[in-house]
Each structure stands twice: as structure tokens, then as C-alpha cells.
Amino acid sequence: MNHTLPGKAGSLISLLLVLLLLCSCQKSAAQNPADLVGQIKSQSTFTELSALSGDKLSSYFQFRDTDVKRFSALISVSGESADTIAAFEVTDKGQYDVVITGIAQYLTNLSSSFRNTMEGEYKKVQNRVLVEMDQVIILVICSDSAAIEKHLTGRGAKSIY
């Protein structure tokens, strides 16, 4: 007994299986930075955060909004808190390096600012969460960084350093 499908039907099924396999192997689209920031904000308590506009981005992170595909950043405006939630979508290695360098400088500046004045805020900066998920680099500084990191790694984020 012959168990093969007739020519056209067998070819069609084979083609559909190949397409299904190709579709399942494609990399997922990057998360929307604004959605990620909103989700993170709902996971913990943050001190008086304000949205950072594109024209102010370089004064905090030393790169411009044109250096990333999309971004969303909430920064404490009080000067008495290090709380930060920022997500930057990068699409190539050059952008990645620029963003990581800018975040490192931001963290250095915050550490210097709080090191001798506010020990609790300094510890927040030292315990920051810095992860990558898809093509989005995420920085979170808060008092409950362990829970935030657990939440993000549970969603597939990888620690950067």
C-alpha cells in the first residue's frame, strides 16, 4: 500500500511546513519602550518621576534621541532621589555602544552625587538593574531592584553588567 500523498497535496503540505518553521524562527519584534516603562512603573514604588523629553536626553545620558530608534525615560526631578526608569530601543551595534556608554556616565554622575550625601540613594544606584530584552536596553533604579530584575529576567531579559 502506498502511503504518500498525491503530488500537489504533498508539495503544498511540505511548503506549509517550511513556512511554519521559518515563521517560528524569526526574531520577535522589540518591545515598545513606553509600554515597558509603564509596566515597570506599576511593579514598584518610585519617587516623583517626570518624563524626559528628547531635547533633555543628552543632558542626562550624553546621547541624543536620534541615537536610538525609540525611547522612554522617567527620571526623578527632586534631586533627592535616584529613581529612574529608562528603556532605549537600539537597532545596531553602534547605537548599542553609544547607549551603554551614556548609561555608564549617568550612573557615574548619580553615584558621585549621592555617595557622600544620601547613603540610601547611593545604594539604589549601586543596585541598579541594567538589562537587555530583544533590542531594548532597560535601566531601573529603585528601592526594590531585586523584584524588578526578577520580573524582567522572567520575561527573558538578560543582564548587561
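Use the structure listed above.
Basis of the calculations
- Residues numbered from 1 in each chain as written.
- Predicted model: local features only at pLDDT ≥ 70, side-chain atom pairs only at ≥ 80, totals over all residues.
- Heavy atoms only, no water.
- Pairing = 2+ DSSP bridges.
- Helix = DSSP H or I, 4+ residues; strand = E, 2+ residues; numbered from the N terminus.
- Contact = heavy atoms within 4.5 Å.
- Axes fitted to C-alpha atoms, helices over the stretch in contact; angles between N-to-C directions.
- Core = buried A, V, L, I, M, F, W, Y, C linked by side-chain atoms within 4.5 Å.
- Buried < 20%, exposed > 50% of the residue type's maximum accessible area, 1.4 Å probe, protein only.

Novice: I tried to follow the sheet that holds strand β2 (residues 70–76) on my own but got confused; where do I start?
Specialist: Each strand in a sheet pairs with its neighbour through backbone hydrogen bonds, running either in the same direction (parallel) or in the opposite one (antiparallel). Within the open sheet, the six strands sit side by side as β1-β2-β3-β5-β4-β6. Their pairing is antiparallel. At either end of the open sheet lies a strand with only one pairing partner, and these are β1 (49–51) and β6 (158–159). Here strand β4 (residues 129–133) runs beside strand β5 (residues 136–141); their pairing, made up of five bridges, is antiparallel. Each residue of the ladder has a partner; that of Met-133, found in β5, is Val-136. Against the sheet, helix α3 (residues 54–61) touches β2, β3 (84–89) and β5, its axis set at about 65 degrees to β2.

Novice: When you look at the nonpolar core in this model, what are you seeing that I'm missing?
Specialist: Generally speaking, nonpolar side chains in soluble globular proteins are found buried as a group. Counting 24 residues, the largest nonpolar core has Phe-61, Phe-88, Val-99, Ile-103, Ile-137, Leu-139 and Ile-141 as its most contacted members. Elements represented by at least two residues in this core include exactly α3, β2, β3, α4 (93–114) and β5. With seven residues, the single largest contributor to this core is α4. Setting aside its immediate chain neighbours within four residues, Ile-137 contacts Ala-86, Ala-87, Phe-88, Val-90, Tyr-96, Val-99, Ile-100, Ile-103, Leu-130, Val-131, Glu-132 and Ile-160. Grouped together as the second largest cluster of nonpolar side chains are 18 residues, Phe-46, Val-129, Val-136 and Leu-152 included.

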